[in-house]
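# Close look at the chain arrangement
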Amino acid sequence: MSADIFKLDSEARSRSLPLYLDRVAAGFPSPADDYVERRLDLNQHLIRHPEASFFVRVKGDSMRGAGIHPGDLLVVDRALEAADGRVVVVALDGELTVKRLRLCGDEVSLHPENPAYPVIRIKEGRELLVWGVATYAIHAL
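Residues numbered from 1 in each chain as written. Predicted model: local features only at pLDDT ≥ 70, side-chain atom pairs only at ≥ 80, totals over all residues. Heavy atoms only, no water.

### Thoughts on the overall build of the protein chain
For clarity, the threshold we go by: Note on conventions: DSSP H or I runs of at least 4 residues are helices, E runs of at least 2 residues are strands, and numbering of each starts at the N terminus. Throughout, a residue-residue contact means that at least one pair of heavy atoms, one from each residue, lies within 4.5 Å. Note on areas: Shrake-Rupley, 1.4 Å probe, and residue coverage restricted to the protein chains presented here.
Each helix and strand in the protein chain was counted, giving one helix and 10 strands. Sequence-distant contacts, at least 24 apart, represent 55% of the contacts inside the protein chain between residues at least 6 apart. Of the accessible surface of the protein chain, which amounts to about 9400 Å², a share of 53% is contributed by carbon and sulfur atoms.

### Some points on the pattern of salt bridges
To keep things clear, this is the line we draw: Counted as salt bridges are all cases of a side-chain nitrogen of Lys or Arg within 4 Å of a carboxyl oxygen of Asp or Glu. Exposure categories follow from relative accessible area, calculated using a 1.4 Å probe and restricted to protein chains: below 20% of the type maximum is buried, above 50% is exposed, and the middle band is partly exposed.
Under the defined criterion, the tally for this structure stands at four salt bridges. We note a salt bridge from Arg-126 to Asp-93, for which the minimum N-O separation is 2.8 Å. Of this pair, Arg-126 sits in the loop between β9 (120-121) and β10 (128-138) while Asp-93 sits in the loop between β6 (87-92) and β7 (95-104), and the two are 33 residues apart along the sequence. According to the relative accessible area criterion, Arg-126 is partly exposed, its value standing at 37%.

### So, the pairing of β10
The side chains of a regular strand alternate, residue by residue, between the two faces of the sheet. Condition: Pairing between strands is defined by DSSP: at least two bridges between them are needed.
With five bridges connecting them, strand β5 (residues 73-77) and β10 associate as antiparallel partners. Each residue of the ladder has a partner; that of Val-75, found in β10, is Tyr-136. Relative to β10, β6 runs antiparallel, the two being bridged by five bridges. Its bridge partner lying in β10, Val-90 is registered against Val-130.

### Let's talk about the nonpolar core
Spelled out, the test is: Buried Ala, Val, Leu, Ile, Met, Phe, Trp, Tyr and Cys residues that are joined via side-chain atoms within 4.5 Å together make up what is termed a nonpolar core.
Judged by nonpolar contacts, the single largest core of 13 residues is most densely connected at Val-56, Ile-68, Leu-74, Val-76, Val-87, Val-89 and Val-98. At the level of elements, β4 (53-57), β5, β6 and β7 are the ones that each hand at least two residues to this core.

### Some details on the environment of Pro-50
Tracing the chain through its elements places Pro-50 in the loop between α1 (42-46) and β4. Linking Pro-50 and Ala-79, residues 29 residues apart in sequence, is a C-alpha distance of 9.5 Å.

### Some details on the packing of aromatic side chains
Applicable threshold: Only Phe, Tyr and Trp rings are paired, with Trp represented by its six-membered ring, and only when their centres lie within 6.5 Å; those with planes under 30 degrees apart are stacked, over 60 edge-to-face, the remainder tilted. Put simply, a charge is over a ring when the Lys NZ or the Arg CZ is close to the ring centre, within 6 Å, and near the line of the ring normal, within 35 degrees.
In the structure shown here, the tally under the stated rule is one aromatic pair. Ring centres 6.1 Å apart and planes at 70 degrees place the aromatic pair Phe-54 and Trp-131 in the edge-to-face group. Placement of Phe-54 in strand β4 and of Trp-131 in strand β10 is noted, with a sequence separation of 77 residues between them. Lying over the aromatic face of Trp-131, Arg-78 brings its terminal NZ or CZ to 6.0 Å of the ring centre.

### Comments concerning the side chain of Ser-62
For the record, the criterion: Any N or O atom pair separated by 3.5 Å or less is treated as a polar contact, with the protein-specific requirement of one donor-capable and one acceptor-capable atom, and with residues adjacent in sequence counted only for side-chain atom pairs.
With respect to the helices and strands, Ser-62 occurs in the loop between β4 and β5. On the basis of relative accessible area, Ser-62 is assigned to the buried category, the value being 10%. Engagement of the side chain of Ser-62 in a polar contact is seen with the side chain of Lys-99, the distance being 2.9 Å.

### Topic: the pairing of β7
Note: β6 against β7, six bridges, orientation antiparallel. Pairing of Val-88 across the sheet is with Lys-99, part of β7. Here β6 folds back onto β7 in antiparallel fashion, the turn holding two residues, of which Asp-93 has a positive phi close to 50 degrees. The antiparallel hairpin formed by β7 and strand β8 (residues 107-111) contains two residues in its connecting segment, where Gly-105 sits at a positive phi of about 65 degrees.

This is the structure in structure tokens:
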């Protein structure tokens, strides 16, 4: 994972875009309405804890099975508990990575979502620091 980390600034927290009343058809097209229902601020939907959240850009394809692709922006929340099964951003021996956290008794492991990569079992002597829980992946189509 790259070290491109972005903090949410106060100006970005107040930006909003138009939200149209009708939903977009994924089947047959329908005529679009000519009016906006209201304004939508994506931060209200993607950021639960603004002061504890940041963005990080993904490098690599170890989480492709979880819908996380190279170049994606992850929304990471430091206020959430890093519980079993959650996708977390961690510093492992000083290097950032994103993996699915697995806790089983005293065993801690980091699981990729791509069979080409091995499970990382956290053994004594390794340094693991959880930076936060990934809540959303934003990627281009």
